[in-house]
Amino acid sequence: IPHQKKDGTTYMDHNPSCSINLEKRLWNCKSCGNGGNEVQMIEQIFHCTSHRARKFLDMLRRGFSSEHIKEQLQDYTLTEECMRHANSIGIFDTDILTELDVMVEKVNDHFEYSIPVYYKDRVVDIRTYRPGCQPKVLSLPGAPSGLIIPYDKLTEADDRRWVILNAGEKDMMTARCLGLNAYTLTGGETSSVLNPEWFAGKKVAIWYDNDDAGRTGAAKIARQIYPYANCVRVVDKFHEAFNGTDTKEDFTDWVLHYGGTKELVVQYTNDTPDFVLDVTD
């Protein structure tokens, strides 16, 4: 964490200097004098508000080990009917469901996709994607928005590869079916990432929906991660394939109905200029 001197300048301390009282759940940095409780530590690390830090901390406490999901998957089988539905909504490589520990079930007259949200070895949310239902996506009660799916793969990804940031779980899975290094944020395209430093050193291409919410959300997340990412691009070239400027069509629509391919994703990303932060932002 950058330390701040009394005159406002920041510096990095490379020597261990933070003491933590596990009983009182307090911390104190002997280098810069900062300290506080657990929520304040998360605020410092994640650069987020105390409200979002508190929600994240609560989910860490209430969450459970990722091994619990692995145990559930041992007794789970993807049925032919669920596989056909997945194919119909753009998840044409069902190995992606296995890769992301997604379980698909038919509930009454609709299908539900249970997508675990991991933070290291903890499950901090489960996103339930329900095509055709309202609301379309549910989270666990109290879960913060702005978490990354799949977080563990982002931390392991080669910084030389483009991070494709999609506007929802379905689009992210479709992009991964194409072999792309794709991710999404919980909470949808209007969300801000809980910790922008998760994108530090990454090349990020934002592929959001063809509507006002998509364009506004893409610009919002671009501004947020700009100070940390190696490069940020807001890609909207694929919107030209749609029949209008506010059709609400998305990345999956582009792939399923307008000839979207991995090669075009690479081409459009490479042809898009870098995002430049406006001095008024």
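Nothing here was measured: the structure is a model prediction, and the numbers come from that model.

A.B. asks: What's the story with the overall build of the protein in this structure? I'm lost.
C.D. replies: Looking only at helices and strands, the protein features ten helices and 15 strands. Against the compact-globule benchmark of 19 Å for 281 residues, the protein has a radius of gyration of 20 Å, which places it among compact chains. Across the 281 residues in the protein, those meeting the buried criterion constitute 45%. Here the contacts in the protein between residues at least 6 apart in sequence split such that 60% fall between residues at least 24 apart. By element, 48% of the accessible surface of the protein is carried by carbon and sulfur atoms, the whole surface being about 14500 Å². A gap of 6 Å separates the mean positions of the 32 positive and 42 negative side-chain charges of the protein.

A.B. asks: So what exactly am I meant to see when it comes to the nonpolar core here?
C.D. replies: Generally speaking, a soluble globular protein has its nonpolar side chains buried in company with each other. Counting 70 residues, the largest nonpolar core has Tyr113, Trp198 and Trp207 as the members making the most contacts within it. At five residues, the largest contribution of residues to this core is made by strand 8 (residues 110-119).

A.B. asks: Whenever I open this one, the packing of aromatic side chains confuses me. Can you help?
C.D. replies: The relation between two aromatic rings is expressed through the spacing of the ring centres and the mutual angle of the planes. What the rule picks out here adds up to 14 aromatic pairs. An angle of 70 degrees between the planes, with centres 5.9 Å apart, marks the rings of Tyr226 and Phe275 as edge-to-face. Of this pair, Tyr226 sits in the loop between helix 8 (212-225) and strand 15 (231-234) while Phe275 sits in the segment after helix 10 (262-271), placing them 49 residues apart in sequence. Using a relative accessible area of 33% as the deciding quantity, one classes Tyr226 as partly exposed. Note on Phe275: relative accessible area 17%, which makes it buried. Ring geometry for Phe242 against Tyr258: centres 5.0 Å apart, planes inclined by 75 degrees, an arrangement best described as edge-to-face. Taken together, the residues span a long stretch of sequence, with Phe242 in the loop between strand 15 and helix 9 (251-257) and Tyr258 in the loop between helix 9 and helix 10 at a distance of 16 residues. Residue Tyr258 is classed as partly exposed on the basis of its relative accessible area of 27%. Ring pairs connect the aromatic residues Trp207, Phe238, Phe242, Phe251, Trp254, Tyr258 and Tyr268, which therefore count as one cluster. Positioned above the aromatic ring of Tyr183, the side-chain terminus of Arg176 is 5.0 Å from the ring centre.

Thresholds, definitions, all that
- Residues numbered from 1 in each chain as written.
- Predicted model: local features only at pLDDT ≥ 70, side-chain atom pairs only at ≥ 80, totals over all residues.
- Heavy atoms only, no water.
- Helix = DSSP H or I, 4+ residues; strand = E, 2+ residues; numbered from the N terminus.
- Rg over C-alpha atoms; globule rule 2.2 N^0.38 Å.
- Buried < 20%, exposed > 50% of the residue type's maximum accessible area, 1.4 Å probe, protein only.
- Contact = heavy atoms within 4.5 Å.
- Areas by Shrake-Rupley, 256 points an atom, 1.4 Å probe, with all protein chains shown as cover.
- Lys, Arg positive; Asp, Glu negative; His and termini not counted.
- Charge placed at Lys NZ, Arg CZ, Asp CG, Glu CD.
- Core = buried A, V, L, I, M, F, W, Y, C linked by side-chain atoms within 4.5 Å.
- Phe/Tyr/Trp six-rings, centres within 6.5 Å; stacked < 30°, edge-to-face > 60°.
- Lys NZ or Arg CZ within 6 Å of the ring centre and 35° of its normal.

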